[in-house]
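Remarks on the overall topology
Below, each chain spelled out in residue letters.
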Amino acid sequence: MLQEMQQQQQLPLQPDAEMRVMNVDANGNGKRGLPKLRDICRRQRQDSDSGPDCPDLDFVYDDSDSHLNEIAELYSYTEQPEFQLNVKAFEDQMEKYNLSPMWQKLTLDKKKSVIAKLLDQMEVSDSRLRMQSARCFLYLSQGCWAEVQSDKEQISCTRDNVLLLYNEGVFHAFIELLNIEIDSTSPASSAMPKFDVSLADSTDLRVILSVLYIIVEVIRSLQEEDFDLYDKYIEVLRHDLLQLVCDEMLIIKLFGMVTRFCSGSAPHFPMKKVLLLLWKSILVCLGGSDVLRKLKYEYRNEVGLETMEEDTMEVVRNMRASSPPASAAELIENQNQKRHGRLLRRSLIKQSSLDEPMELESLEAEDEMREYEERPMEEPLPTSRPDTPVPCKAKGLPWQPKVRQKDLDSFLENTRIKFVGFPLEGDRESLFGLPEPIHEGVRVLKQHMYKSLSEVQITLEEELAKNPISKTEGPIKVTPAEMLYQAMFPNLPQYMIALLKILLAAAPTSKAKTDSINILSDVIPIQMPTTVLQSMKLGIDVNRHKEIIVKAVSGILLLLLKHFKLNHVYQFEFMSQHLVFANCIPLVLKFFNQNIMAYVGAKNAIPILDFPSCVIGDQPELTVESLEIGDNQQYSWRNLFSCINLLRILNKLTKWKHSRIMMLVVFKSAPILKRTLKVRHAMMQLYVLKLLKMQTKYLGRQWRKSNMKTMSAIYQKVRHRLNDDWAYGNDLDARPWDFQAEECALRSSVDRFNTRRYGNNTDPDYEPVDNCTQSVLGQTIELTDEFKKHYQLWLQQEVFQTTIRWEELLDNTYI
């Protein structure tokens, strides 16, 4: 039964499994619980796709969920009995110290004394004593829940304890303990078949990772409640996460655990806790959306670029969700209803035979007009009473249009060839011979010109490649993103492959295989369930476990892509290429090729078993009815968050990359993405529409003709590129023979960048050296205003009118 449960991973129970336990109710006593149980199973499996009638989701996208939910997701429901082990370990230790087990009643000096003793005990050679001390620290970091009466009190106690533990050096001690535990992995456990691993094999690692995660998450969440305290601790924590411990920073150590797990050498590693700690550590080190916004503003100012006032998140929050495109069945039904309505109205009209044809034509025109009016995806404004003025909705598009320099150059070249007969390469100012409307077009294009930070970085790299001696990059700014990239660079391809393997295993559309990785090792209990209720609980726990893993992996990938792109575009491209090579694009499409409405609305949670509710106060008996107590959300926050993250990742991998856009076409992503539009959330719909817009030119005229409602939504919601003919398919860049060359050129540029900055095989004999004391190559020279004013005159007299006698120059030159 264990192997069947772990390999199939098909939970909750299927109908045949229900039939096998028909004679057992929720308490194992009879048939009374089966109707309710079947109803819950049916509602979990049912298709929750309600089409246009599905209400708008009030989901607000953020860097993470609420602090309480993020802490609760750290623990599986099967770990619940271990909470009592923590308090028992603490009480035993306090008895040894002849102290009361009531932590909150101790003075600060006594608390520090206990922490010092526990730290000393963590350094002994006996692993049992080390883990006894570690469990004490886990109980303290959990807020001494046995002493409190409410969730609010537990949260306050957790914060106070965590800050005290951090000040006393517990965080560093647990990083070292993690290294010891990883290195002491026994050959027997590593050689164990991956589907025979259970919760007991990861006990010690789960305790260590839980303490580290709680410390990181509590300090990170200070930003929401006490910003002064947050400023005091966050920089210190960021430094601790980025510094080397045992020649590796914690993030790299966690990435190493992920790769070892995927390679099969450490199947007992608790992947959910590893990935959650990895995600939150990256979030603390690099920063979330607020930090990204500030860094983008700062970096653009440094290179002299204008900053756009509009913020993506704010614009999206003000958008309304759109009603999804109708399915084929709905279209047929609507057509039948309209046809029936026309026949009914025609039968009620009393006219003369002379007037009848004209009236019928009028009715048909009216039907066509009504059908056209129903086409836009935007919901109509609420109707008002006749005596109440209707509020005016602001007209206009949500985004400022953007124009690339490449677009303007292409426009000028095409119009000059058309009206003048030849191009003027490099000339972006002269409009001689062009008609006045073209002048106006160029003015509008220049008005909306936008130069990205990536273009500036690419231009600098091209100059460095052309002038390796005379041009230097200068000192590299040591940012957290730069430090992390340098640490990840040697093994970054393996890290990406491992993350995608885990994402594939956790996706709801994946079918279990005997050779796949077992991501359920830290959720499967030692004793398998024997009753229907226990099976139901385990089924919910397994699905919840997989959802949390998807959430963490998607958060990690998106954070790294966004920060690497801001730090240097070729760091982003290096990571992107390895994601593409590891089949990230078809994997994400496979993820969305499911009933996405059912996934977003999944109820894989048991609120009364979430921490700290499961340990504070009187605990209600777990019954079939109590499984859903407190679960009133119309959507799953983590699942909607994961979907938006994966769509953003897909956008980042494919934007402006024709070869990758063709992958979307080849893998038939259009119908998959169209079904995703049924989720009534503006931000999610926006990223779906972006993915559809970039491939419409390749889908053919018939597809565009049959999907005018989707095309209209793209026009209304996605940013416009003024001369982008996405709706027609005449773009010259869409020629298929350019795809391979584009990808190869990009790879060559990325390799050259990495070799120049991070290559270890650079021969110092071939490094550019300027030994001439009078040379100004590579030096920054301040030119006077007088020189700048007469520069053209100096150029004419000293350069153009002067004849260089090369023979004399060579004779007088020595090496």
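Residues numbered from 1 in each chain as written. Predicted model: local features only at pLDDT ≥ 70, side-chain atom pairs only at ≥ 80, totals over all residues. Heavy atoms only, no water.

1. Examining the overall build of the protein
When helices and strands are tallied, the protein shows 37 helices and 0 strands. Going through the 815 residues of the protein one by one, you find that 47% of them count as buried. Once local pairs closer than 6 in sequence are excluded, the contacts in the protein between residues at least 24 apart make up 79%. Summing over all exposed atoms, the protein offers an accessible surface of approximately 42400 Å²; the carbon and sulfur share of this is 53%. (Helix = DSSP H or I, 4+ residues; strand = E, 2+ residues; numbered from the N terminus. Buried < 20%, exposed > 50% of the residue type's maximum accessible area, 1.4 Å probe, protein only. Contact = heavy atoms within 4.5 Å. Areas by Shrake-Rupley, 256 points an atom, 1.4 Å probe, with all protein chains shown as cover.)

2. Regarding the packing of aromatic side chains
The tally for this structure, following the rule as stated, stands at 29 aromatic pairs. With 5.9 Å between their ring centres and 55° between their planes, Tyr570 and Phe753 make a pair best called tilted. Here Tyr570 is found in helix 25 (residues 569–581), whereas its partner Phe753 is found in helix 34 (residues 739–758), with 183 residues between them in sequence. Of the residues examined, Phe753 reaches a relative accessible area of 0% and is grouped as buried. (Phe/Tyr/Trp six-rings, centres within 6.5 Å; stacked < 30°, edge-to-face > 60°.)

3. Remarks on the pattern of salt bridges
Where charged atoms of side chains with opposite charge meet at close range, the side chains can pair. Inspection of every chain in the model, using the stated rule, returns 35 salt bridges. Where Glu248 meets Lys253, a salt bridge forms, and the shortest distance between an N and an O atom there is 3.2 Å. The class for Glu248 is partly exposed, based on a relative accessible area of 29%. Residue Lys253 is classed as buried on the basis of its relative accessible area, which comes to 14%. The partner of Glu440 in a salt bridge is Arg443, with the nearest N and O atoms 2.5 Å apart. Note that Glu440 and Arg443 are positioned in helix 20 (residues 436–447) at a spacing of 3 residues, about one turn of the helix. (Salt bridge = Lys/Arg side-chain N within 4 Å of Asp/Glu carboxyl O.)

4. Quick word on the nonpolar core
Counting residues in hydrophobic clusters, the biggest one holds 192 residues, and the most contacted among them are Ile502 and Leu560. Among the elements that make up this core, the one with the highest residue count is helix 24 (residues 532–567) (14 residues). Not counting chain neighbours up to four residues away, the residues in contact with Ile502 comprise Val258, Phe261, Cys262, Met271, Leu275, Ile517, Ile519, Ile549 and Val553. One finds Tyr77, Leu533, Ile540 and Val624 within the second-largest nonpolar core, a separate group that totals 9 residues. (Core = buried A, V, L, I, M, F, W, Y, C linked by side-chain atoms within 4.5 Å.)

5. Re the packing of helix 23 (residues 492–506) against helix 26 (residues 584–592)
Here helix 23 crosses helix 26 at 20°, and the two axes come no closer than 10 Å. Put simply, helix 23 runs roughly parallel to helix 26. Read as a crossing pair, helix 23 and helix 26 show a hand that is left-handed. Seen from helix 23, the contacting residues are Leu500, Leu503 and Leu504; seen from helix 26, they are Cys584, Leu587 and Lys590. Of the residues assigned to the contact of helix 23 with helix 26, the class counts are 5 nonpolar, no polar and 1 charged. (Axes fitted to C-alpha atoms, helices over the stretch in contact; angles between N-to-C directions. Parallel < 35°, antiparallel > 145°, perpendicular 65-115°, else oblique. Left-handed = near helix turned anticlockwise from the far one by under 90°. Nonpolar A, V, L, I, M, F, W, Y, C, P; charged D, E, K, R; others polar.)

6. Describing the packing of helix 8 (residues 151–167) against helix 12 (residues 227–242)
One can describe the packing of helix 8 onto helix 12 by two numbers: an axis separation of 12 Å at closest approach and a directional angle of 45°. In terms of axis orientation, helix 8 runs oblique to helix 12. In the crossing of helix 8 with helix 12, the sense of the turn from one axis to the other is left-handed. Between helix 8 and helix 12, the contacting residues are Arg159, Leu163, Tyr166 and Asn167 on the first element and Leu229, Tyr233, Val236, Leu237 and Asp240 on the second. Of the residues assigned to the contact of helix 8 with helix 12, the class counts are 6 nonpolar, 1 polar and 2 charged.

7. Describing the confidence of the model for the protein
Averaged over every residue, the pLDDT of the protein is 81; the share at 70 or more is 78%. Confidence drops under a pLDDT of 50 for residues 40–53, and excluding neighbours within four residues, the segment shows 28 contacts in the predicted structure. Residue range residues 186–190 is modelled with pLDDT below 50. Its contacts to residues more than four positions away, or to other chains, number 6 contacts. (pLDDT = per-residue confidence, 0-100.)

8. Examining unusual backbone geometry
The amide bond that connects Phe611 to the next residue, Pro612, takes the cis arrangement and shows omega of 5°. Locating Pro612 in the fold gives a position in the loop between helix 27 (596–600) and helix 28 (637–654). One non-glycine residue, Asn98, lies in the positive phi region at around 60°. Topologically, Asn98 is positioned in the loop between helix 5 (82–96) and helix 6 (108–121). Not every positive phi belongs to a glycine, and Asn583 is a case in point at roughly 65°. Mapped onto the secondary structure, Asn583 falls in the loop between helix 25 and helix 26.

9. A look at the environment of Val624
Mapped onto the elements, Val624 comes out in the loop between helix 27 and helix 28. The class of Val624 is buried, set by a relative accessible area of 3%. Spatially, the C-alpha atom of Val624 lies 9.3 Å from that of Val532, the residues being 92 residues apart in sequence.

10. Some thoughts on helix 22 (residues 480–488)
The set of residues buried in helix 22 consists of Ala481, Glu482, Leu484, Tyr485 and Met488. Here the buried residues of helix 22 occupy an arc of 165° about the axis, which is enough to place them on one side. (Arc of directions from axis to C-beta.)

11. Notes on the side chain of Arg680
Inspection of the secondary structure assignment puts Arg680 in the loop between helix 30 (669–676) and helix 31 (682–699). Within the local environment of Arg680, its side chain forms a polar contact with the backbone oxygen of Ser322, the two atoms lying 3.2 Å apart. (Polar contact = N/O pair within 3.5 Å; in protein donor to acceptor, adjacent residues only side chain to side chain.)

12. Comments concerning helix 23
Here helix 23 spans 21 Å end to end across 15 residues, near enough to the 21 Å set by a 1.5 Å rise per residue. Listed in full, the buried residues belonging to helix 23 are Leu492, Tyr495, Met496, Ala498, Leu499, Leu500, Ile502, Leu503, Ala505 and Ala506. (Expected span 1.5 Å × (residues − 1).)

13. What about a nonpolar patch on the surface?
Residues Phe419, Val420, Phe422 and Leu424 make up a contiguous nonpolar surface patch of roughly 330 Å² in combined accessible area. Summarising the element assignment, Phe419 is placed in helix 19 (residues 405–419). (Patch = residues over 30% accessible without salt bridge, like charges linked within 9 Å, V, L, I, M, F, W, Y side chains within 5 Å.)

14. Quick look at the environment of Asp62
Examined against the element boundaries, Asp62 turns out to sit in the loop between helix 3 (34–45) and helix 4 (67–72). Looking at Asp62, the relative accessible area reads 37%, which means it is partly exposed. With 227 residues separating them along the chain, Asp62 and Ser289 place their C-alpha atoms 8.0 Å apart. With near-sequence residues (within four places) excluded, Asp62 lies in contact with Trp637 and Phe641.

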